[in-house]
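# What the coordinates show
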Amino acid sequence: MNTNETQHVTTANVEACAEVFERIAENVNSVLIGQEAVVSQVLQCMIANGHVLLEGVPGLGKTLLVRALATSIACSTNRIQFTPDLMPSDITGHAQYNMREEQFVIRKGPVFTNLLLADEINRAPAKTQSALLEVMQERQSTIEGESFEIEQPYMVLATQNPIEFEGTYPLPEAQLDRFMVNVLIEYPDQSNEESLVDLVTTGKPADKLDTSSIEAVAEAVDVRNAQQVSSQILVDQAVLSYAVSIVRTTRQFEGISQGASPRAAIALIRMARAQALLSSRTFVTPDDVRSVAVSVLRHRIALSPDFQFEGHSKDQVLETAIQSVEAPRT
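The notes below deal with the structure included here.

Calculation notes
- Residues numbered from 1 in each chain as written.
- Predicted model: local features only at pLDDT ≥ 70, side-chain atom pairs only at ≥ 80, totals over all residues.
- Heavy atoms only, no water.
- Helix = DSSP H or I, 4+ residues; strand = E, 2+ residues; numbered from the N terminus.
- Buried < 20%, exposed > 50% of the residue type's maximum accessible area, 1.4 Å probe, protein only.
- Lys, Arg positive; Asp, Glu negative; His and termini not counted.
- Salt bridge = Lys/Arg side-chain N within 4 Å of Asp/Glu carboxyl O.
- Polar contact = N/O pair within 3.5 Å; in protein donor to acceptor, adjacent residues only side chain to side chain.
- Contact = heavy atoms within 4.5 Å.
- Axes fitted to C-alpha atoms, helices over the stretch in contact; angles between N-to-C directions.
- Parallel < 35°, antiparallel > 145°, perpendicular 65-115°, else oblique.
- Left-handed = near helix turned anticlockwise from the far one by under 90°.
- Nonpolar A, V, L, I, M, F, W, Y, C, P; charged D, E, K, R; others polar.
- Pairing = 2+ DSSP bridges.
- Phe/Tyr/Trp six-rings, centres within 6.5 Å; stacked < 30°, edge-to-face > 60°.
- Expected span 1.5 Å × (residues − 1).
- 1 Å grid on protein atoms, 1.4 Å probe; cavity = no way out; pocket = protein on both sides within 12 Å on 5 of 7 lines; lining within 4 Å.
- Points joined across faces, edges and corners; volume = space filled by probe spheres on them.

## Some details on the side chain of arginine 139
- Inspection of the secondary structure assignment puts arginine 139 in the loop between α6 (133-138) and β6 (140-143).
- We note that arginine 139 is buried and unpaired, the nearest opposite charge coming from glutamate 138 at a distance of 8.4 Å.
- Here the side chain of arginine 139 touches histidine 51 through a polar contact of 3.4 Å, side chain to side chain.
- Apart from residues no more than four positions distant in its own chain, arginine 139 is found in contact with Asn49, Gly50, His51, Glu134, Glu149, Ile150, Gln152 and Tyr154.

Structure representation (structure tokens):
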């Protein structure tokens with residue numbers, strides 16, 4: 001057993017947290033049709049206290065996902081549309097001179113919220129993208145030399161279009177590494193798309209992102225409690241070694257020119273704990289690690305030029321790499 005564990009959670013605590021997040025998932029899925037897997041991964045990341053990089057073409061409901069999630073947990077949300085002329089101060093805030101009081105006052109930017117949607121983050125240059133680095137890592141933002149803490153829970157959900165590159169600025173590795181997971185949001189199937197179109201068009205004259213049909217089923221304190229409970233879920237030493245071995249394998253596996261850093265192993269364990277919590281278990285299994293590995297690793301590796309030329313995808317190579325690591329019997 002991992003000797004670093006100092007506290008143990010009870011089954012009752014884990015089941016209570018899992019029940020709360022099951023209600024949240026049902027709430028979000030009632031308006032975001034056909035994206036159950038995406039919702040599950042985002043909720044796992046929230047429990048693991050991380051940030052999400054969402055990739056998908058426009059019109060798949062990324063903004064609706066954030067609004068529905070914020071409504072479900074009675075938390076605030078802001079949206080930033082990243083553009084080439086966006087300035088760092090437009091994100092973090094700035095000092096503004098108040099002529100009536102004859103002094104400078106701090107005007108906090110949109111990062112001061114619970115759920116921040118950074119829409120098309122790769123549309124802004126690196127200087128603007130980097131304005132999110134401090135808030136994502138430290139949960140605080142510095143304005144004119146003064147640091148301000150961000151209210152918890154806090155999550156950045158950034159989006160980018162995976163097929164459009166004109167006028168974009170690729171995220172640097174340091175920025176990518178701040179995102180706990182890279183979630184791909186795909187087209188819904190025929191049946192779900194029909195349900196979605198019917199829901200949006202029937203009795204509604206405009207394509208409004210309507211979340212009025214759902215109510216809050218949890219509060220910020222429930223999320224913070226789940227994050228604390230998740231951090232205490234047991235990880236056997238063999239399972240921990242398995243997760244680290246998967247990450248280390250990416251550094252020497254055929255077709256991968258750049259492997260994942262130790263931060264990936266930390267994210268892998270945190271996400272596996274969240275998966276165990278959602279499954280109402282007080283311990284992590286190798287299957288928990290395996291189920292979240294691709295989303296944790298896909299944005300942290302680079303394929304070699306020959307593999308890219310041959311048409312291999314990151315997910316295909318990662319699946320092969322993960323399968324090459326022997327899982328412990330627990």
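## Here we look at unusual backbone geometry
- The peptide bond linking glutamine 152 to proline 153 adopts the cis configuration, its omega dihedral lying at 0°.
- Within the fold, proline 153 resides in the loop between β7 (146-149) and β8 (155-160).
- The phi dihedral of alanine 74 is positive, around 55°, even though this residue is not glycine.
- With respect to the helices, strands and loops of the structure, alanine 74 is situated in the loop between α3 (62-72) and β2 (77-81).

## Examining the packing of helix α12 (residues 286-297) against helix α14 (residues 314-323)
- Two numbers describe how α12 lies on α14: the axes approach to 10 Å, and their chain directions differ by 140°. Comparing their axes, α14 and α12 come out oblique. Of the two possible hands of crossing, α12 and α14 adopt the one that is right-handed. Note on element contacts: α14 touches α12 through Asp315, Leu318, Glu319 and Ile322, opposite Arg290, Ala293, Val294 and Leu297.
- Here the contact of α12 with α14 is composed, by residue class, of 5 nonpolar, no polar and 3 charged.

## Describing the environment of serine 130
- Take serine 130: it is sitting in the loop between α5 (126-129) and α6.
- Separated by 45 residues in the primary sequence, serine 130 and glutamine 175 place their C-alpha atoms 7.2 Å from one another.
- Only 2.7 Å separates the side chain of serine 130 from the backbone oxygen of lysine 127, close enough to count as a polar contact.

## Considerations on the sheet that holds strand β9 (residues 181-184)
- Strand order in the open sheet formed by 5 strands is β2-β5-β8-β1-β9, with parallel pairing between adjacent strands. Pairing within the sheet leaves two strands with one partner each, and these edge strands are β2 and β9. Adjacent strand axes in the sheet meet at a mean angle of 20°, parallel and antiparallel pairs treated alike.
- Where strand β5 (residues 115-119) lies against β8, 4 bridges are found, and the strand directions are parallel. Note that in β8 the partner of leucine 117 across the bridge is leucine 157.

## Here we look at the packing of aromatic side chains
- Taken as a whole, this structure holds 1 aromatic pair when the rule is applied.
- When the centroid spacing of 6.4 Å and the interplanar angle of 80° are considered together, the rings of phenylalanine 112 and phenylalanine 148 count as edge-to-face. Here the residue phenylalanine 112 occupies a position in the loop between β4 (103-108) and β5, and phenylalanine 148 occupies one in strand β7, the gap between them amounting to 36 residues. Neither residue differs from the other here; phenylalanine 112 and phenylalanine 148 are each classed as buried.

## Topic: helix α10 (residues 237-249)
- With 13 residues, α10 extends 18 Å from end C-alpha to end C-alpha; this agrees with the ideal 18 Å at 1.5 Å per step.
- Taken together, the buried positions of α10 are Val239, Tyr242, Ala243, Ile246, Val247 and Thr249.
- Against the buried residues of α10 lie α11 (262-278), α12 and α14.
- The backbone nitrogen of alanine 238 has a side-chain oxygen 2.9 Å away, supplied by the residue at the start of α10, namely aspartate 236.

## Re the pattern of salt bridges
- Scanning all chains against the criterion turns up 8 salt bridges.
- Between arginine 123 and glutamate 120 there is a salt bridge whose closest N-O contact spans 3.7 Å.
- For arginine 123, a relative accessible area of 17% translates into the label buried.
- Between arginine 263 and aspartate 177 there is a salt bridge, with the nearest N and O atoms lying 3.0 Å from each other. Taken as a pair, arginine 263 in helix α11 and aspartate 177 in the loop between α7 (173-176) and β9 lie far apart in primary sequence, 86 residues in all.
- Judged by relative accessible area, which is 31%, arginine 263 ranks as partly exposed.
- Three or more residues are tied together by salt bridges with common partners; here these are Asp177, Arg263 and Arg300.

## Quick word on empty space enclosed by the protein
- Evaluation of the coordinates by the stated rule reveals 2 cavities of 30 Å³ or more.
- If you add up the space inside the largest cavity, you get close to 40 Å³.
- Considered class by class, the residues forming the lining of the largest cavity number 5 nonpolar, 3 polar and no charged.

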